[in-house]
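For reference, the chains in residue letters:
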Amino acid sequence: MSSRERILGRVRRALADVPKDDTPYERAVRRDYAREHGRRTAEQTVDLLAENLADYRAIVHRTGTDGLAGVVAGLLRERGASSVLVPPGLDEGWLAATGVTRVADRAESTPHELDRVSSVVTACAVAIAETGTLVLDGSPDQGRRRITLVPDHHICVVRVPDQVVSSVPQALERLDPARPLTWISGPSATSDIELDRVEGVHGPRTLEVVLVG
Amino acid sequence: MSGTFVGMPGFHPHGLPAFPEAAREAVRDTTLRGNLRHATHTIRAKRARAVAEVADWAELREAGKRIKDHTLRHLDHYLVRLEESVTAAGGTVHWAADAEEANRIVTRLVKETGESEVVKVKSMATQETGLNEALEAEGIRAYETDLAELIVQLGKDRPSHILVPAIHRNRGEIRDVFRTEMGAWGRPAPEGLTDTPAELAEAARLHLREKFLRAKVGVSGANFMIAETGTLVVVESEGNGRMCLTLPETLISVVGIEKTVPTWRDLEVFLQTLPRSSTAERMNPYTSTWTGTTDGDGPRVFHLVLLDNGRTDTLADEVGRQALRCIRCSACLNVCPVYERAGGHAYGSVYPGPIGAILSPQLRGTGSEIDASLPYASSLCGACYEVCPVAIDIPEVLVHLRERVVQGGPAVRGGNKVVLKPAKGHAAERAAMRAARWAFGRPGALRTGQRLASRTRRLHPRTLPGPGRAWTGSRDLPPVPAEPFRDWWQRTQGGDGGIGGIGGKGAVK
Ligand code: SF4
């Protein structure tokens, strides 16, 4: 007997007490929790996002569409970035005002090569106001997961208010589980020393979020 | 059986002292007690604030409980579904009946890649199976990359907390471990390393970076597996998880079968309750989800090893099976007055604290002294139930397991129905009684617990069957429910002695 059969057999014997007509999933799980916490206008939702991002030490900037290229260029300059990773589908206009060397997100590039790049600029799939979370789904304007992981400086552009939802349940509705997702809430951190939060371990230690709209 | 329940070296249940002996050592270690007290008290208050922020906590908790219960009641169906979805998404599913089989599968998979080292993201399942040691025996080096796991690995230590395995270490001790041990494993600690947490984190970053960048094989666990879509979820903080999940060419995930949930939508509950319960954050810094393999992004090869190792035996127990709802948040450890005083090592398992006290004796059976004594390593104050985000009634299961230890009865071990003999007259009984005496000899511990004891519990009063009734009744009797315990013991044991001193205060040794 294979272990698969053995384990499934054990599970079935263990559940001999469960009736055939046990309550189906849809009725077994009551979903009477909130779809979102509190009522807000779209503008207030964006404000809450900014507040919660900052609370977990992301650096938040706000600009209109016209100012975006200037803001991105300024952030790269202040950082002293010598190179910037660019996902294949990034809006070219976002980097129009900077002369920093562009590095394409290529399948062949090794982790060591990525480690030599200063910064990365991406879009996101959705942002969650209540938790201060950005979700990346690997779309062409966000690139492979590793490009937002190895460089130490991540600039993430969020189109507001369209890409902003209030809550975790609302975010999950918008996301496709078939895509590899990365949920980011602030720069990397650890609570492993005396259960106290310290920012900056393996992921980008600086996370800058540009809310554009 | 030896291969089945070994766990980490030093965690073989038959080689371990029973709970009270191990706890006594911890109580004597004032540094350890100070470290634990500091850490658990810090997180308690923060968790309470994080939970208070969401008005629908009770509803989320109830939904989490129901999702898990429903899944467990139909686990065969959901496991088959999960296997189909993972396979359709490009992954390969393996089934491991016990720890030895899981280790054998992983070792073979690593060898097939031709590599001799792996990077690991913290995983309770592989700690439980003792994977690192099994790999080491085959010439494969496993690097732990979670900061606390790294501290434990470098310090040749044992984990003492689910979330923060090095919680028993303070910053000064961590600095010393880094200074003396890092060099032997790779990049040494920076010159002049101080004990500020930021510098310690930086030292870990530098030390591990070279390992991440060259890694070809990653090994992980998972917090959730979604049957409907075949998606796995890893919730973390540091980014070491992302490194292990995305940079290597091959990813091997070892996950307990109870981590399954039916649908994508179910995450809307757990991604709200888990971060707030564990690190007291609105959301943890990083959560990764992946479904099989993705062209050009992340590992090209993905293996999922589904682990039983005593879980189906636990499932067979209608009272005890609720322990499988656990999402390993560690909130119950952080509020437990017994854990705070005894320390994580006293529980003799990778699962310490209240959850360990009900999980280890079910996963491993109650044959050893440590496992027979664990159900007694509690004052039944109910604080663990109160904070549990999936509402596991830990006191109820403890009482149930005490009955099993004392009275014996039917159980399932290794998939077979057995009838357990009462522990009476055996070493296990004596160990259990010493544990009970230890827990009851701490009126201070009990009072703390009773203050925390649940308002929720009182809203849902329940009477436990048999001996449990005495315990339920005793919960509101200040300050120490020693008398009811003695009554119960004498009633069930016919008052034939053997527990001298239990009713007394018991000396704090
Ligand atoms: S038993 Fe509950 S509180 Fe304890 S770790 Fe598991 S889920 Fe968290």
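If you're wondering where the values come from, they're calculated on a predicted model, not measured in any experiment. (Residues numbered from 1 in each chain as written. Chains lettered and ligands numbered in written order. Predicted model: local features only at pLDDT ≥ 70, side-chain atom pairs only at ≥ 80, totals over all residues. Heavy atoms only, no water.)

1. Let's talk about the interface of chain A and chain B
At the junction of the two partners, chain A supplies 76 residues and chain B supplies 100 residues. Buried area between chain A and chain B, both sides added, is near 7700 Å², and the carbon and sulfur share of it is 56%. It is A:E194, A:L195 and A:H202 that lose the most area in chain A upon contact with chain B, and together they represent 11% of the buried surface on that side. Across the salt bridge formed by B:R321 and A:D17, the nearest N and O atoms sit 2.8 Å from each other. On the surface where chain A and chain B come into contact, there are 45 residue pairs in polar contact (both at pLDDT 80 or more). Contributing elements (two or more residues each) for the side of chain A that touches chain B: α1 (3-14), α2 (25-28), α3 (42-55), α5 (111-115), α6 (168-174), β9 (181-184), β10 (189-193) and β11 (196-199) of chain A. Broken down by element, the side of chain A that touches chain B gets its largest block of residues, 10 residues, from α1(A). (Contact = heavy atoms within 4.5 Å. Buried area = accessible area lost by both parts, 1.4 Å probe. Salt bridge = Lys/Arg side-chain N within 4 Å of Asp/Glu carboxyl O. Polar contact = N/O pair within 3.5 Å; in protein donor to acceptor, adjacent residues only side chain to side chain. Helix = DSSP H or I, 4+ residues; strand = E, 2+ residues; numbered from the N terminus.)

2. Thoughts on the sheet that holds strand β7 (residues 250-256) of chain B
All names here are of chain B. Read from one edge of the open sheet, six strands run β1-β10-β7-β4-β2-β3, paired in parallel fashion. One side of each edge strand has no neighbouring strand; the edge strands of this open sheet are β1 (92-96) and β3 (141-144). Strand-to-strand twist across the sheet, computed as the mean angle between neighbouring axes with direction ignored, equals 25 degrees. In the sheet, β1 pairs with strand β10 (residues 301-307) via five bridges, with the strands oriented parallel. Directly across from T92, in β10, lies its bridge partner H303. Across the sheet, helix α6 (residues 99-113) is in contact with β1, β2 (117-120), β4 (217-220), β7 and β10; its angle to β1 comes to roughly 145 degrees. (Pairing = 2+ DSSP bridges. Axes fitted to C-alpha atoms, helices over the stretch in contact; angles between N-to-C directions.)

3. Thoughts on the packing of aromatic side chains
Residues and elements named next belong to chain B. Scanning the entire structure with this criterion turns up five aromatic pairs over all chains. Consider the rings of W290 and F302, whose centres lie 5.9 Å apart with planes at 80 degrees: the pair is edge-to-face. Taken together, the residues span a long stretch of sequence, with W290 in strand β9 (residues 286-291) and F302 in strand β10 at a distance of 12 residues. For the pair W290 and F302, one class covers both residues: buried. Aromatic side chains Y339 and Y347 sit 6.2 Å apart centroid to centroid with 35 degrees between the ring planes, which places their arrangement in the tilted category. Across this residue pair, the class does not change: Y339 and Y347 are buried. (Phe/Tyr/Trp six-rings, centres within 6.5 Å; stacked < 30°, edge-to-face > 60°. Buried < 20%, exposed > 50% of the residue type's maximum accessible area, 1.4 Å probe, protein only.)

4. Considering the pattern of salt bridges
Counting across every chain of the model gives 50 salt bridges over all chains. Close ionic contact of A:R12 with B:D76 constitutes a salt bridge, the shortest N to O distance being 3.1 Å. Placement of the pair is A:R12 in helix α1 and B:D76 in helix α5 (residues 75-88), with the two residues belonging to separate chains. Exposure remark for A:R12: the relative accessible area of 44% places this residue in the partly exposed category. Under the relative-accessibility criterion, B:D76 is labelled buried at 18%. Residue B:K111 pairs with B:E138 through a salt bridge whose shortest N-O separation is 2.5 Å. Taken together, the positions of B:K111 in helix α6 and B:E138 in the loop between α8 (131-137) and β3 put the pair 27 residues apart, joining distant regions of the chain. Through salt bridges with shared partners, a single network forms among A:R31, A:R35, A:E173, B:R265, B:D266 and B:E268.

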